[in-house]
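# Descriptive analysis of the structure
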Amino acid sequence: MSESRFFVSCARGLEYLLADELIAAGAKATAATAGVNVRGTLRDAQHAVLWSRLASRVLWPIAEFDCTDEAALYSGALETDWTLHLYANQTFAVDAHVSGEGIRHGGFAALRLKDAIVDRYRQERGERPDVDTESPDVRFNLVVRKGRAIVSIDLGGALHRRGWRGEQGAAPLKEPLAAAVLLRGRWPQVHGGGGGLFDPMCGSGTLLIEGALMAADVAPGLRRYGDTLPTAWPGFEVATWRELRNEAEQRAETGLAALKPVFHGRDIDSGVIRNARANAMSAGVAELIDFQAADVRDGFQPPEASGLVVCNPPYDVRLATGSDLYQALGDALKRTVPAWSASLLCGDTTLARATGLRGRKLYTLYNGALECALLVCDRIAPEVREEAPALNEGAQMVANRLRKTLKQSKAWRERDGISCWRAYDADIPEYAAAIDAYTDADTGERWLHVQEYAAPADIPEALARRRLGDLLAAAREVFELPRERVVLKTRRIGKGGSKYGQFDQRGERLVVREGRARVLVNLFDYLDTGLFLDHRPLRMRLNAEARKLRFLNLFCYTGVATVQAALGDATATTSVDLSATYLGWLADNLRENEVGGPGHQLVQADVMEWLRSERSQYDLIFCDPPTFSNSKRAQDFDVQREHVELLRLAMARLAPDGVLYFSNNARRFKLDAEAVAEFAVVEDITAATIPPDYARDPRIHRAWRLRPR
């Protein structure tokens, strides 16, 4: 069965969860804006129609062509043989989404595509299918963006409909969003450990019903379609669908039979409790969920010792509320289920914090057009910690130094929108470590990334351990952090002299801010976090200079310089690196900043070889090579040995009025002044590129600005 690229749409904020769901099902998926790009078979797409809990629609492309205006739309669509996708006695409808200058109205684009379908059908068969916008046999989806049109088959219609909802409140929660709330709270894994599910403001029961069906392994498409097919498109693989459905029915029967009644719903409105019971009855889980009318302030103690609290408290149009209700919710949960975890969909971050609960993470999700904050807590009431002992003299010296740095750096950090910076770098030589502070842009939580420098051989190991303990105690006290938010690594040379190896395999990333940019960092798995803090001023310079320029990033790493150039309105960016891991990270950084499209190219290649074969020109180039590289996929690279050829190759790609920024971190690096004299401008700009938090270590990198002759 051949593979193809298709698109699965979802509500904003669900992209990464959806990508994980599709990957777990065997497809190759990459998160995009409001959806996921997938490479897989039609079977994979039909599996998503039946099984995806997070998707809005599954779109299987059948035609793609240039589309600069309505005439191009009509002529391009007319070239497609629509008899392959529609029978004459069938009905169809067109959904259209457009952006750009050529076509500005989706309804008009849908009309022109409809005209092309009908006209081509008449040419081929002398007859035409009819339009039915309410319940068509085949639904086409048209997207026009950046001069290209893509026409797809909507394989399953609106996937948020599960088929069991009858009664609902004033602002019902859509099932995919409910599934996201549950998944972020690690449900149904909690259920696997015997835990319960509790919603203290359950409304029409969406979270609890969705949670029960997830725990029972019931495919969300089973009730939605019944015995009918999701679409009458002639290309739909009916035998495959029946096979998938039969398997799903067997799994649902087994799962429901084994499910225990660990689901509890409460709501102050007895009317919506009646609706919730009716919905649970329709979904086949009524006997498993205990619904009762009760005020959240009264509290409720479920019989299970542990579990997950899920809730979508009132906000915005449903209730013009302040923080009192949210505070009451938090107080009740801490009093009655302190050992449970929680996943609470709140109106905004202010209301989330009003609960008084300490979250592991605060996610941004969208309930329709409303931006909401999802607060996830590993434990509702953290265990009381013993008071830390008083700092000894050495630790107090480190603490005093950190407090001074915090005070002195506050003004420039707030002015520049910086949430990640170096707070300490062996300022007191006996306490040899670097401390970098990272503040999560979504939760406001601060983390410390501590890199211990290996002690000299003449320092006893016990003394080195004691000093490290003093430094960590001082850092935790000054930044007021629990032990688990201080990540410690030791900077030691690994085998081969250049690699530090992997520290962990958590795969967990935070979002931090650098000016306008949102940057993904990983504090846990490797020595480097994905963001070189010392290059911040140089990246901000690129942001300021990139407007309407073609930008090239060589040895791009995780691509933060590319993100800054893109946010600075570069017309196009190209990023080159040999590592697929770093390029994937860069792709995630671009998506985090809603940057995408064919104008932003990612190239996996050896930079030297790529430059030798490349023929395009660029207006702004950033080149920050490693000191040394010995990858198995490329020739060994030494920046001192290779830099002249590297600069000449890069200059050959520079437009006549372009600028090349060259930087590296090799402590003993010396620029070959005689060789680079062939360039018109060679300006050492190092001093201007050292940020305030690295002022004590101006040798952290060297940087030059070069222009061609």
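What you are looking at is a predicted structure, and each value in this text was computed from that prediction instead of being measured.

The rules behind the values
Residues numbered from 1 in each chain as written. Predicted model: local features only at pLDDT ≥ 70, side-chain atom pairs only at ≥ 80, totals over all residues. Heavy atoms only, no water. Helix = DSSP H or I, 4+ residues; strand = E, 2+ residues; numbered from the N terminus. Contact = heavy atoms within 4.5 Å. 1 Å grid on protein atoms, 1.4 Å probe; cavity = no way out; pocket = protein on both sides within 12 Å on 5 of 7 lines; lining within 4 Å. Points joined across faces, edges and corners; volume = space filled by probe spheres on them. Nonpolar A, V, L, I, M, F, W, Y, C, P; charged D, E, K, R; others polar. Pairing = 2+ DSSP bridges. Axes fitted to C-alpha atoms, helices over the stretch in contact; angles between N-to-C directions. Core = buried A, V, L, I, M, F, W, Y, C linked by side-chain atoms within 4.5 Å. Buried < 20%, exposed > 50% of the residue type's maximum accessible area, 1.4 Å probe, protein only. Parallel < 35°, antiparallel > 145°, perpendicular 65-115°, else oblique. Left-handed = near helix turned anticlockwise from the far one by under 90°. Phe/Tyr/Trp six-rings, centres within 6.5 Å; stacked < 30°, edge-to-face > 60°. Expected span 1.5 Å × (residues − 1). Polar contact = N/O pair within 3.5 Å; in protein donor to acceptor, adjacent residues only side chain to side chain.

### Examining the environment of Trp421
As for its position among the elements, Trp421 is in strand 16 (residues 420-425). When neighbours within four sequence positions are excluded, Trp421 is seen to be in contact with Thr405, Leu406, Ser409, Trp412, Arg413, Ile435, Asp436, Ala437, Phe479, Leu533, Arg536 and Asp693.

### Some remarks on empty space enclosed by the protein
For the coordinates displayed, the defined rule picks out two cavities of 30 Å³ or more. Of the volumes computed, that of the largest cavity is approximately 70 Å³. Taken together, Phe198, Pro200, Arg266, Ala294, Asp295, Val296, Gly299, Phe300, Ala332, Leu333 and Thr336 make up the full set of residues lining the largest cavity. Among the elements that take part in the lining of the largest cavity, helix 11 (residues 324-336) stands out by supplying three residues, more than any other. Here the lining of the largest cavity is composed, by residue class, of seven nonpolar, two polar and two charged. Each pocket or cavity is described by its volume, and for the second largest cavity that value is around 40 Å³. The wall of the second largest cavity is formed by Leu22, Ala25, Ala27, Asp44, His47 and Ala48. Of the residues belonging to the lining of the second largest cavity, the class tally is four nonpolar, one polar and one charged.

### A closer look at the sheet that holds strand 8 (residues 148-154)
The eight strands lie next to each other as 2-3-1-4-8-7-5-6, forming an open sheet whose pairing is mixed. Taken across any chain shown, the strands that pair with only one partner, and hence form the sheet edges, are strand 2 (28-32) and strand 6 (130-131). Bridge count between strand 2 and strand 3 (residues 35-40): five bridges; the pairing is antiparallel. What sits directly across from Lys28, in strand 3, is Arg39.

### Topic: the sheet that holds strand 25 (residues 618-623)
With respect to topology, seven strands assemble into an open sheet ordered 24-23-22-25-28-30-29, the strand pairing being mixed. The sheet is open, and its two borders are formed by strand 24 (600-604) and strand 29 (681-684), each paired with just one other strand. Going across the sheet, the axis of each strand differs from the next one's by a mean of 15°, ignoring polarity. Bridge count for strand 23 (residues 572-577) against strand 24 is five bridges, and the pairing is parallel. The residue of strand 24 that forms the bridge with Val576 is Val603. Sitting on the sheet, helix 15 (residues 536-545) touches strand 22 (550-554), strand 25, strand 28 (654-664) and strand 30 (702-707), and the angle it makes with strand 28 is about 165°. Relative to the sheet, helix 17 (residues 580-592) contacts strand 23 and strand 24, its axis offset from that of strand 24 by approximately 165°.

### What about the nonpolar core?
Residues Phe140, Leu142, Leu155 and Phe263 are the most contacted members of the largest nonpolar core, which totals 124 residues. Take this core: its biggest share by element is seven residues, from helix 4 (residues 106-125). Those residues in contact with Leu142, other than ones at most four positions away along the chain, are Leu73, Val94, Asp95, Ala96, His97, Ala109, Leu113, Ala149, Ile150 and Val151. Core analysis: the second largest hydrophobic core is formed by 30 residues, Leu552, Tyr618, Val639 and Leu671 among them.

### Focus on the pairing of strand 12 (residues 307-311)
In terms of burial, strand 12 is largely enclosed, as five of its five residues are buried. In this sheet, strand 12 lies alongside strand 9 (residues 196-199) in parallel orientation, the contact comprising three bridges. Looking at strand 12, one finds that Gly196 is bridged to Gly307. Pairing of strand 12 with strand 13 (residues 341-346) involves four bridges; the strand directions are parallel. Considered in strand 13, the bridge of Leu308 is made with Ser341.

### Structural notes on unusual backbone geometry
With an omega of 15°, the peptide bond running from Trp187 to Pro188 counts as cis. Inspection of the secondary structure puts Pro188 in the loop between helix 5 (175-184) and helix 6 (189-192). Of note in the backbone geometry, Phe555 takes a positive phi value of approximately 55° without being a glycine. Among the structural elements, Phe555 can be located in the loop between strand 22 and helix 16 (560-567).

### A few points about the packing of helix 16 against helix 17
Direction vectors running N to C along helix 16 and helix 17 enclose 30°, while the axes themselves pass 9 Å from each other. Relative to helix 17, the element helix 16 is oriented roughly parallel. Helix 17 is crossed by helix 16, and the crossing has right-handed handedness. Taking contact as the criterion, the partners of Val560, Thr562 and Val563 in helix 16 are, on helix 17, Leu586, Asn589 and Leu590. Residues belonging to the contact of helix 16 with helix 17 are distributed by class as follows: four nonpolar, two polar and no charged.

### Concerning the packing of aromatic side chains
Enumeration over the complete set of coordinates arrives at 14 aromatic pairs. Note on Tyr225 and Trp241: the rings are 5.7 Å apart at their centroids and 80° apart in plane angle, and the pair reads as edge-to-face. On the criterion of sequence distance, the pair formed by Tyr225 in helix 8 (residues 221-225) and Trp241 in helix 9 (residues 238-258) is long-range, its members being 16 residues apart. With respect to burial, Tyr225 and Trp241 carry one shared label: buried. Residues Phe662 and Trp704 carry aromatic rings whose centres are separated by 5.7 Å and whose planes lie at 25° to one another, so their mutual orientation is stacked. Here Phe662 is found in strand 28, whereas its partner Trp704 is found in strand 30, with 42 residues between them in sequence. Across the pair, exposure class does not vary: Phe662 and Trp704 are buried alike.

### Remarks on the side chain of Thr573
With respect to the secondary-structure elements, Thr573 resides in strand 23. Leaving out residues up to four positions away in the same chain, Thr573 has contacts with Phe551, Thr562, Ala566, Gly599, His600 and Gln601.

### Some details on the packing of helix 15 against helix 16
At their nearest, the axes of helix 15 and helix 16 sit 7 Å apart, and the two run at 30° to each other. With respect to helix 16, the element helix 15 is oriented roughly parallel. Judged by the sense of rotation from one axis to the other, the crossing of helix 15 with helix 16 is right-handed. Seen from helix 15, the contacting residues are Arg539, Met540, Leu542 and Asn543; seen from helix 16, they are Val560, Ala561, Gln564, Ala565 and Leu567. Tallied by class, residues from the contact of helix 15 with helix 16 come to six nonpolar, two polar and one charged.

### So, helix 10 (residues 270-283)
Over its 14 residues, helix 10 runs 20 Å from end to end, which matches the ideal 20 Å to within 8%, given 1.5 Å per residue. Taken together, the buried residues of helix 10 touch helix 7 (206-215), helix 8, strand 10 (263-267) and strand 11 (289-293). Here helix 10 starts with a cap whose side-chain oxygen sits 2.7 Å from the backbone nitrogen of Gly271, and that cap is Asp269. Directly after helix 10, the chain includes Gly284, whose backbone phi takes a positive value near 85°.

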